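Descriptive analysis of the structure
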Amino acid sequence: MSTLRFLRTFLAIAQHGSFSEAAEHVALTQAAVSFQMRALETELGRDLFDRSGRLALLNTAGRELVPEARHLLELYDRMRQPPGAPDRLAGSVSVGAIVSCMGTLAKVVSAMKREHPALEIHLFSGKSGELANKVEAGTLDAALLVEAGRPAASTRWTALYKEPLVVLAPTSAPGKTAREVLTQSPFLRFDRTQRTGRQIERTLRRLGVSIDDFLELNAIEQLVELVRQEVGVTLLPLLNGSHWRSAPDLRVLFLPTNLGAITRPIGMLERRDPARQAITAAIRARCAGIFQEQAADASAAR
């Protein structure tokens, strides 16, 4: 069974990005991890890492092995489990989420692991583009992220909710409408290299407003905090579960109706992997339930 242990170590390296971090995860020394990977390469008859630099990075063969190794270990873990109830979940999955969804995902996973002791779920945070690439490559089994076009054939997209884009301003900001507020205060911009930032840029062009760019950040909550401190105003998705509309120090202004509905679609991207679909589907369903409750609470508060 040494090969199975080596494959678990191999997947830990793929997940954590280095031999040293993987060693901590699997409770081995870095030398032991290195030995196992050399033995695994010998057994498989091919190199799995590019060792030309200071770090040993997965090469093409190594990246191709990731989904196959995970599938094999999943089958083995299922074989080891004693027969149980039909709804019993067991096995290992890796799931990612953008920052605004991580709280909900962590809450769901924590409850599921208490209910299903044989279930192992690893969580990762990241940007939508990075997470989507990892799902397509097989490094992640699923991720909660912003929708971006047609998914790859190896993945499946499920829409969960939409967040309208709104102007967020301190109560002291001049102007009554969204357009007036945007043109009369310094603008705090969300990162234009990200999907949400590009959507915000397109929306500003449709509004036809001249803004005073002050700074650009890749963190929604930091932008909101700067608005609270009266540094400027911003254009952001109205996060599901946020309490911005009831905050005494914030103004939330919706965009003109003639622009139509401008929203940020959030959903789950999953690999089409039969060995893990039951687990990722259960995570998705529970997250969807919480998101629906948050949306209902927000509607009731209006």
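Residues numbered from 1 in each chain as written. Predicted model: local features only at pLDDT ≥ 70, side-chain atom pairs only at ≥ 80, totals over all residues. Heavy atoms only, no water.

Overview of the packing of aromatic side chains
Inspection of the entire model under this criterion finds three aromatic pairs. For the ring pair Phe-10 and Phe-49, a centre distance of 6.1 Å and an interplane angle of 70° mean the geometry is edge-to-face. With a gap of 39 residues between them, Phe-10 in helix H1 (residues 2-16) and Phe-49 in strand S1 (residues 49-50) connect regions that are remote in the sequence. On the basis of relative accessible area, Phe-10 is assigned to the buried category, the value being 0%. Their ring planes at 80° and their centres at 5.2 Å tell us that Phe-19 and Phe-49 sit as a pair that is edge-to-face. You can see Phe-19 sitting in helix H2 (residues 19-25) and its partner Phe-49 sitting in strand S1, a full 30 residues away along the chain. (Phe/Tyr/Trp six-rings, centres within 6.5 Å; stacked < 30°, edge-to-face > 60°. Helix = DSSP H or I, 4+ residues; strand = E, 2+ residues; numbered from the N terminus. Buried < 20%, exposed > 50% of the residue type's maximum accessible area, 1.4 Å probe, protein only.)

So, unusual backbone geometry
Unusually for a residue other than glycine, Glu-230 sits at a positive phi of about 65°. You can see Glu-230 is positioned in the loop between helix H9 (220-228) and strand S9 (233-237).

Quick word on helix H6 (residues 128-137)
Every α-helical turn comprises 3.6 residues, leaving residues that sit three or four positions apart pointing alike. Those residues of H6 lying buried are Ser-128, Leu-131, Ala-132 and Val-135. Down the axis of H6, the buried side of the element spans an arc of 100°, and every buried residue falls inside it. Those residues of H6 hidden inside the fold are in contact with strand S3 (91-97), strand S4 (119-125), strand S5 (142-146), strand S6 (155-170), helix H8 (195-207) and strand S11 (263-271). Looking one or two places after H6, you find Gly-138, whose phi comes out positive at around 90°. (Arc of directions from axis to C-beta. Contact = heavy atoms within 4.5 Å.)

Comments concerning the side chain of Ser-18
Turning to its location among the elements, Ser-18 is positioned in the loop between H1 and H2. Judged by its relative accessible area of 12%, Ser-18 falls in the buried class. Only 3.2 Å separates the side chain of Ser-18 from the side chain of Ser-20, close enough to count as a polar contact. (Polar contact = N/O pair within 3.5 Å; in protein donor to acceptor, adjacent residues only side chain to side chain.)

A few points about H1
When the terminal C-alpha atoms of H1 are compared, their 21 Å separation across 15 residues agrees well with the 21 Å that a helix rising 1.5 Å per residue should span. All buried positions along H1 are accounted for by Leu-4, Phe-6, Leu-7, Thr-9, Phe-10, Leu-11, Ala-12, Ile-13, Ala-14 and Gln-15. Positive phi shows up at Gly-17, right after H1, with a value of about 90°. (Expected span 1.5 Å × (residues − 1).)

With respect to the pairing of strand S8 (residues 212-217)
Where strand S7 (residues 186-190) meets S8, five bridges bridge the pair, whose relative direction is parallel. Residue Phe-190 lies in a different strand from S8, and its bridge partner there is Leu-217. The parallel pair S7 and S8, bridged by H8, forms a crossover whose chirality is right-handed. (Pairing = 2+ DSSP bridges. Right-handed = clockwise from strand over helix to strand, strands pointing away.)

Quick look at the environment of Val-167
Structurally, the position occupied by Val-167 is in strand S6. For Val-167, a relative accessible area of 0% corresponds to the buried category. For the pair Val-167 and Leu-236, spaced 69 residues apart in sequence, the C-alpha to C-alpha distance is 6.5 Å. When sequence neighbours within four positions are dropped, the list of residues in contact with Val-167 reads Ala-178, Val-181, Leu-182, Thr-234, Leu-235, Arg-251, Val-252, Leu-253 and Leu-255.

Here's the deal with the nonpolar core
Residues Cys-101, Leu-105, Leu-144 and Ile-283 are the most contacted members of the largest nonpolar core, which totals 35 residues. Mapped by element, the contributors of at least two residues to this core are S3, helix H5 (99-115), S4, H6, S5, S6, S11 and helix H10 (274-301). In terms of residue count, H10 provides more of this core than any other element does, seven residues in total. Setting aside anything within four residues of it in sequence, one finds Cys-101 in contact with Leu-144, Tyr-161, Ile-266 and Phe-291. (Core = buried A, V, L, I, M, F, W, Y, C linked by side-chain atoms within 4.5 Å.)

Section: the side chain of Thr-280
Note that Thr-280 resides in helix H10. Residue classification places Thr-280 among the buried positions, given a relative accessible area of 2%. Side chain to side chain, Thr-280 and Glu-270 meet in a polar contact 2.7 Å long. For Thr-280, the residues in contact, after removing those within four places along its chain, are Asp-141, Ala-142, Met-268 and Glu-270.

A short note on the pattern of salt bridges
In the structure shown here, the tally under the stated rule is 11 salt bridges. We note a salt bridge from Arg-286 to Glu-115, for which the minimum N-O separation is 2.5 Å. Separated by 171 residues along the polypeptide, Arg-286 in helix H10 and Glu-115 in helix H5 bring together distant segments of the chain. Here Arg-286 falls in the partly exposed class, since its relative accessible area comes to 31%. Overall, Glu-115 belongs to the partly exposed group, its relative accessible area being 45%. We note a salt bridge from Arg-189 to Glu-201, for which the minimum N-O separation is 2.5 Å. (Salt bridge = Lys/Arg side-chain N within 4 Å of Asp/Glu carboxyl O.)

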